[in-house]
Amino acid sequence: MNVLFFLTPKKDVACIPADDTLRQAMEKMKYHGYTAVPLLTQEGKYAGTITEGDILRAIEALCHWDIFQAERVKICDVSRKRDHQAISINTDMDDLVDVIADQNFVPVIDDQEKFIGIITRKDVIQFYYDEHKKMQSE
């Protein structure tokens, strides 16, 4: 099975430009209700993942809890605890499952390293659950 079967395309994914400010990233995450969002370069390449925890640590360390200072800090300058590992469109299912076991979503990049979307853990689990149910009913 091709991993693209599970892909949520870039147009349907909330992403944050890596040159946005800390405050812009915080507002976008709040608006969408996400706890982690991919960061993209101006060229459309995956630059990492920013999380709520990363933002809170940055507001404390870099802005001293002053929201107005968060307008001066670029999100690409914020330390991240860990980035979500990206996979290529050519990744096999075994490798996808290995990666998604530790992440709630997996960024997917094409052959030119451009971000094309994400695969969510929920979609992969649902697929395998549906397959399991089919096998049980046979």
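First things first, this report covers the structure right here in the doc.

Rules behind the numbers
Residues numbered from 1 in each chain as written. Predicted model: local features only at pLDDT ≥ 70, side-chain atom pairs only at ≥ 80, totals over all residues. Heavy atoms only, no water. Axes fitted to C-alpha atoms, helices over the stretch in contact; angles between N-to-C directions. Helix = DSSP H or I, 4+ residues; strand = E, 2+ residues; numbered from the N terminus. Left-handed = near helix turned anticlockwise from the far one by under 90°. Contact = heavy atoms within 4.5 Å. Pairing = 2+ DSSP bridges.

**Details of the packing of helix H1 (residues 22-32) against helix H2 (residues 52-63)**
Part 1 of the argument: Packing of H1 against H2 leaves a shortest axis separation of 11 Å and a crossing angle of 145 degrees. The chirality of how H1 crosses H2 is left-handed. Each of Leu-22, Ala-25, Met-26 and Met-29 in H1 lies in contact with H2, whose residues at this interface are Glu-52, Ile-55, Ala-58, Ile-59 and Cys-63.

**Observations concerning the sheet that holds strand S3 (residues 36-40)**
Part 1 of the argument: Ordered in space as S2-S3-S4, the 3 strands form an open sheet in which the pairing is mixed. The strands lining the two open edges of the sheet, one partner per strand, are strand S2 (16-17) and strand S4 (46-51).
Part 2 of the argument: Alignment of S3 against S4, held across 5 bridges, turns out to be antiparallel. Note on S4: the bridge partner recorded for Pro-38 is Thr-49.

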